[in-house]
Amino acid sequence: MGVLEGDVALVTGAGQGIGRGIALALADAGARVAVVGRTLSKVVDTADEIVRRGGDAVALQCDVTDPVQIDGAVAAVAAQYGGLSILVNNAQTPAHGMLLDVSEDDYQGSMDSGPLATLRLMRACHPHLKGRGSIVNLGSAAGLKWDPTGTGAYAAAKEAVRVLTRTAACEWGADGIRVNAVLPLASSPLMDEWAELNPEAYDEYLRSVPLGRLGDAESDIGPAVVFLCSSAARYITGHSLPVDGGQAFLR
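The structure displayed is predicted, hence computed values, not measured ones.

Caption draft 1: Summary view of the sheet that holds strand β4 (residues 86–89). With parallel pairing, seven strands are arranged side by side in an open sheet as β3-β2-β1-β4-β5-β6-β7. A strand with exactly one partner marks an edge of an open sheet, and here the two such strands are β3 (57–61) and β7 (240–243). The mean inter-strand angle of the sheet, taken between neighbouring strand axes irrespective of direction, is 20°. Sheet analysis places strand β5 (residues 133–138) next to strand β6 (residues 177–184), joined by six bridges and oriented parallel. Note that in β6 the partner of Ile135 across the bridge is Val179. Sheet strands in contact with helix α1 (residues 17–28) are β1 (8–12), β2 (32–37), β4, β5 and β6, and its direction is about 170° off that of β1.

Shown next, in the form of structure tokens:
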């Protein structure tokens, strides 16, 4: 039996990249997984892969910037599986660029899909998580760098997610809900595109990672999320865990 046997997980942004890797890892650990994302074909593909491996998954289309769709997705998962014990908030539309160049629409989109969606999903799932639930929110080390030039808008959204994580951990501990954040560094479609367009900058970036490589979404980031959701982490809450090959220095 897997360490998450009997658990039901909802993972947002699970159609590709880190979200997909986390969903696959949770399923391999025994959880039944609701694979949630904006593009139905992508989440269906992830769910099909879980089923192909012998797991149990359902694909749900949901734009996390729409509170009505959030409520509908949470209700559908609870109805499908009779409950919900794990929430992973991974979906995020990034807003990159210098502060003078980032449009207000892009900045607002990053906030709506990041911290606001995280808050809404945590609230919607709270009744189902009471007693033995675990939440893992995806943050970023972008807000920890001494110089976040070019990533300030994105970092602002991710730092807001970390504050919500710590607050929910403090407020909901008495409800039996643990809340933690993971700050990942892993291969993704956006990272691969950047590496192709800017190979020199990419190589320089890799040199800032002590382990010398990007993580793998399923085999590096996924197990950290599985651990935080398992009974082995039952005394850990309110924590931000960098899973980034040693790049971040969290004081």
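Caption draft 2: Molecular detail of the side chain of Thr165. Position of Thr165 relative to the elements: it lies in helix α5 (residues 152–172). Judged by its relative accessible area of 1%, Thr165 falls in the buried class. Leaving out residues up to four positions away in the same chain, Thr165 has contacts with Asn137, Val179, Asn180 and Ala181.

Caption draft 3: Highlighting the environment of Ile86. Within the secondary structure, Ile86 sits in strand β4. Note: C-alpha distance between Ile86 and Thr165 (79 residues apart in sequence) is 14 Å. When neighbours within four sequence positions are excluded, Ile86 is seen to be in contact with Leu4, Asp7, Val8, Ala9, Leu10, Leu129, Ser134 and Cys229.

Caption draft 4: Local environment of the environment of Thr93. Its place among the elements puts Thr93 in the loop between β4 and α4 (104–129). Along the sequence, Thr93 and Leu144 sit 51 residues apart, while their C-alpha atoms lie 19 Å from each other. Leaving out residues up to four positions away in the same chain, Thr93 has contacts with Arg38, Gly109, Ser110 and Ser113.

How each quantity is defined
Residues numbered from 1 in each chain as written. Predicted model: local features only at pLDDT ≥ 70, side-chain atom pairs only at ≥ 80, totals over all residues. Heavy atoms only, no water. Pairing = 2+ DSSP bridges. Helix = DSSP H or I, 4+ residues; strand = E, 2+ residues; numbered from the N terminus. Axes fitted to C-alpha atoms, helices over the stretch in contact; angles between N-to-C directions. Contact = heavy atoms within 4.5 Å. Buried < 20%, exposed > 50% of the residue type's maximum accessible area, 1.4 Å probe, protein only.

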